[in-house]
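Examination of the molecular architecture
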Amino acid sequence: MHLLLSGELLEVKNLSRQIAEEKIKPVREEYDEQAKFPKEIMEYLAKSDLFRVFIPEEYDGMGLGITGMSIATEELSRVCAGIALGYAGTGLGTMPIILFGNEEQKKKYLPQIASGEKLAAFGLTEAEAGSDASNIKTVAKKDGDFYRITGTKQFITNGEVADIYVIIANVNPERGIRGLTAFIVEKGEKGFTFGKHENKMGIRASATVELVFDDCKVPKENILLSEGQGFKVAMKTLDYSRIGVGAQALGIAQGAYEESVNYASQRVQFGQKIITFQMIQNIIANMAIKIEAARSLTYISAKYVDGGGKDIARVGSMVKTFCSDVAMEVTTDAVQVFGGYGYIKEYPVEKMMRDAKITQIYEGTNQIQRLVIAQEIIKRGCEITDMY
Ligand code: COS
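What you are looking at is a predicted structure, and each value in this text was computed from that prediction instead of being measured.

This part takes up helix H9 (residues 312–338). Along its 27 residues, H9 runs 38 Å from first to last C-alpha, staying within 8% of the 39 Å computed at 1.5 Å per residue. Within H9, 21 of the 27 residues are buried, leaving the element largely enclosed by the surrounding structure. One or two steps after H9, the chain reaches Gly339, where phi turns positive at roughly 60 degrees.

Below, the structure is given as structure tokens:
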């Protein structure tokens, strides 16, 4: 019996798990160690039609929405969250086009992403605009039918490996937040180059790169929604995509939990398999409880958002916060179950613990998420009335 997933979603889940086991597991250590972007694996995901999952059917996709994207992301992250991020980061970069693109923009860009021919990225963050997302210094000066973008975006997932970027820049800095505007910018445009590649603690197979714009000319047709609506585009995008971060964290937790159960079932101390000790059973039971709660919240929320639910800011923040905290707790406990072996790179749980940390930070720290949730409660009341 499957309460929440239909046939097609189950197929996505099974296919993603199979690819993760067969193609990703054997190489995850190497990609992590070398901080190498998994181009070949992205090509395999494309060939397997996984990028079609979250693209609407009218644009060569499967129309499985945030739910489909989350399920694929969860399964890929169960084995390697860094490699999975090439996929999930494309989901994030595509979301503003799906949500706010006009017909022409959707027709031009979405089929190329659906086929996996092109990856996408989202350029919001800057050195001075992290949690304070509206404090963007990148400007876009109007020049006839074009805009000229100048500024630097930081910590951009899929930077340099993506071809299609959604960039938030200010067309009217005097108007502050009301000058912010979202532009689609393609790799290869004159004045658009790449800067520093970050050397990270975890998700090392994911590219995290600076985007540098120096008088980069972009046609006015590339504006999403309209001038001055960029903050709305960014915030709404994050409302949706944070469910994907939750799914990524859930996958990491699931992977660490399975590794822990397998290890504890083999490791002998005091003449017994350590899984027979109640202190270990306590840890494993807590992992299982948290993961099932995280999975239920993620799947129900994804279905709610895909079904047109209204309270998505609160829901997205809840999924992201809960699942990422679970991932951090479960992976830390997994290292504990493995003991000294958990701390060395020969076993996968130390990588899972490093990978988990970022999910509490990116797409808005969990502290910011709790502010969003509290603000929504104050504005809309305690209950999410249309969710169940
Ligand atoms: N959907 C639609 N509109 C939204 C919105 C949402 N989820 N959140 C905010 N807005 C609108 C508000 O309604 C407000 O509009 P009006 O001025 O017309 O009333 C406007 O945006 C400004 O909102 P607010 O005053 O709440 O903005 P703040 O600058 O205080 O920022 C937070 C709010 C902190 C929530 C926001 O900056 C944030 O999410 N920060 C984290 C950013 C992040 O996730 N960074 C990581 C990026 S990784 S890609």
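Quick look at the environment of Lys303 now. When you line up the elements, Lys303 lands in helix H8 (residues 278–306). When its relative accessible area of 34% is taken as the criterion, Lys303 is described as partly exposed. Once residues within four sequence positions are removed from consideration, Lys303 is found in contact with Leu4, Leu9 and Thr67.

The next thing to look at is the UniProt feature "domain: Acyl-CoA oxidase/dehydrogenase middle" (unreviewed entry) in the protein chain. When the UniProt feature table is mapped onto this chain, "domain: Acyl-CoA oxidase/dehydrogenase middle" (unreviewed entry) is found at residues 121–216. The span residues 121–216 shows a helical share of 0% and a strand share of 51%, and its end C-alpha atoms are spaced 17 Å apart.

Attention shifts here to the layout of surface pockets. As a volume, the largest pocket reaches approximately 1,100 Å³. Counting only elements with at least two residues in the lining of the largest pocket, the list comes to helix H5 (81–100), strand E1 (120–123), strand E3 (146–157), helix H7 (230–266), helix H10 (349–359) and helix H11 (366–380). With 9 residues, H7 is the single largest residue contributor to the lining of the largest pocket. Counted by class, the lining of the largest pocket contains 22 nonpolar, 14 polar and 10 charged residues.

It is worth spelling out the packing of helix H3 (residues 39–47) against H5 at this point. Where H3 meets H5, the axes come as close as 10 Å, and the angle between the chain directions of the two elements is 55 degrees. Taken as axis vectors, H3 and H5 run oblique relative to one another. For the pair H3 and H5, the sense of crossing is right-handed. Seen from H3, the contacting residues are Ile41, Met42 and Leu45; seen from H5, they are Ile83, Gly86 and Tyr87.

Let's shift gears to the site of the ligand. Around the ligand there are 19 residues in total, and Ser131, Arg178, Asp239, Arg242 and Gly364 lie nearest to it. At 2.9 Å from an oxygen atom of the ligand is found a side-chain nitrogen or oxygen belonging to Arg242. Computed on the free molecule, the ligand has an accessible area of 1,000 Å², of which 62% lies beneath the protein chains in the complex. At the level of elements, H7 and H11 are the ones that each hand at least two residues to the shell around the ligand. With 6 residues, the single largest contributor to the shell around the ligand is H7. For the shell around the ligand, the residue count by class is 9 nonpolar, 5 polar and 5 charged.

Moving on, we come to the pattern of salt bridges. For side chains of opposite charge, pairing can occur when their charged atoms come near one another. Scanning the entire structure with this criterion turns up 29 salt bridges. The salt bridge partner of Arg380 is Glu376, with a shortest N-O separation of 2.7 Å. Within this pair, Arg380 and its partner Glu376 are both found in helix H11, separated by 4 residues, close to a single helical turn. Each of Lys13, Arg17, Glu74, Glu75, Glu292 and Arg295 takes part in salt bridges that share partners, so that together they form one network.

Below, the discussion takes up the nonpolar core. Core analysis: the largest hydrophobic core is formed by 121 residues, its most contacted members being Leu45, Tyr87, Phe183 and Val185. Here this core gets 14 residues from one element, more than from any other, and that element is H7. When residues no more than four places from it in sequence are discounted, the contact partners of Phe183 are Ala140, Tyr147, Ile149, Tyr165, Val166, Ile167, Ala169, Val171, Val218, Asn222 and Ile223.

With domains assigned, the protein chain is organised as domain 1 (7–119), domain 2 (121–228) and domain 3 (231–380). Look at where the C-alpha atoms of domain 2 and domain 3 centre, and you get two points 30 Å apart. Taken over both partners, the interface formed by domain 2 and domain 3 buries close to 1,200 Å², and the fraction arising from carbon and sulfur atoms is 79%. The largest share of the area that domain 2 buries against domain 3 comes from Phe122, Met201 and Ile203, three residues that together contribute 39% of it. At the boundary of domain 2 and domain 3, one finds 0 salt bridges. The interface formed by domain 2 and domain 3 contains 2 residue pairs in polar contact (both at pLDDT 80 or more). Split by residue class, the side of domain 2 that touches domain 3 holds 11 nonpolar, 3 polar and 1 charged.

What follows deals with H5. Compared with an ideal rise of 1.5 Å per residue, which puts 20 residues at 28 Å, H5 spans 28 Å between its outermost C-alpha atoms and is within 8% of the ideal. Its axis deflected by about 35 degrees at Thr94, H5 carries its strongest bend there, up to four residues before the proline Pro96. In terms of residue burial, H5 counts as a mostly covered element, since 19 of its 20 residues are buried.

What counts and what doesn't
- Residues numbered from 1 in each chain as written.
- Predicted model: local features only at pLDDT ≥ 70, side-chain atom pairs only at ≥ 80, totals over all residues.
- Heavy atoms only, no water.
- Helix = DSSP H or I, 4+ residues; strand = E, 2+ residues; numbered from the N terminus.
- Expected span 1.5 Å × (residues − 1).
- Buried < 20%, exposed > 50% of the residue type's maximum accessible area, 1.4 Å probe, protein only.
- Contact = heavy atoms within 4.5 Å.
- UniProt positions renumbered as here; feature names shortened; annotations may be inferred.
- 1 Å grid on protein atoms, 1.4 Å probe; cavity = no way out; pocket = protein on both sides within 12 Å on 5 of 7 lines; lining within 4 Å.
- Points joined across faces, edges and corners; volume = space filled by probe spheres on them.
- Nonpolar A, V, L, I, M, F, W, Y, C, P; charged D, E, K, R; others polar.
- Axes fitted to C-alpha atoms, helices over the stretch in contact; angles between N-to-C directions.
- Parallel < 35°, antiparallel > 145°, perpendicular 65-115°, else oblique.
- Left-handed = near helix turned anticlockwise from the far one by under 90°.
- Near = heavy atom within 4 Å.
- Polar contact = N/O pair within 3.5 Å; in protein donor to acceptor, adjacent residues only side chain to side chain.
- Areas by Shrake-Rupley, 256 points an atom, 1.4 Å probe, with all protein chains shown as cover.
- Salt bridge = Lys/Arg side-chain N within 4 Å of Asp/Glu carboxyl O.
- Core = buried A, V, L, I, M, F, W, Y, C linked by side-chain atoms within 4.5 Å.
- Domains from an automatic or database assignment.
- Buried area = accessible area lost by both parts, 1.4 Å probe.
- Bend = angle between axes of the 7 residues up to and from the residue.

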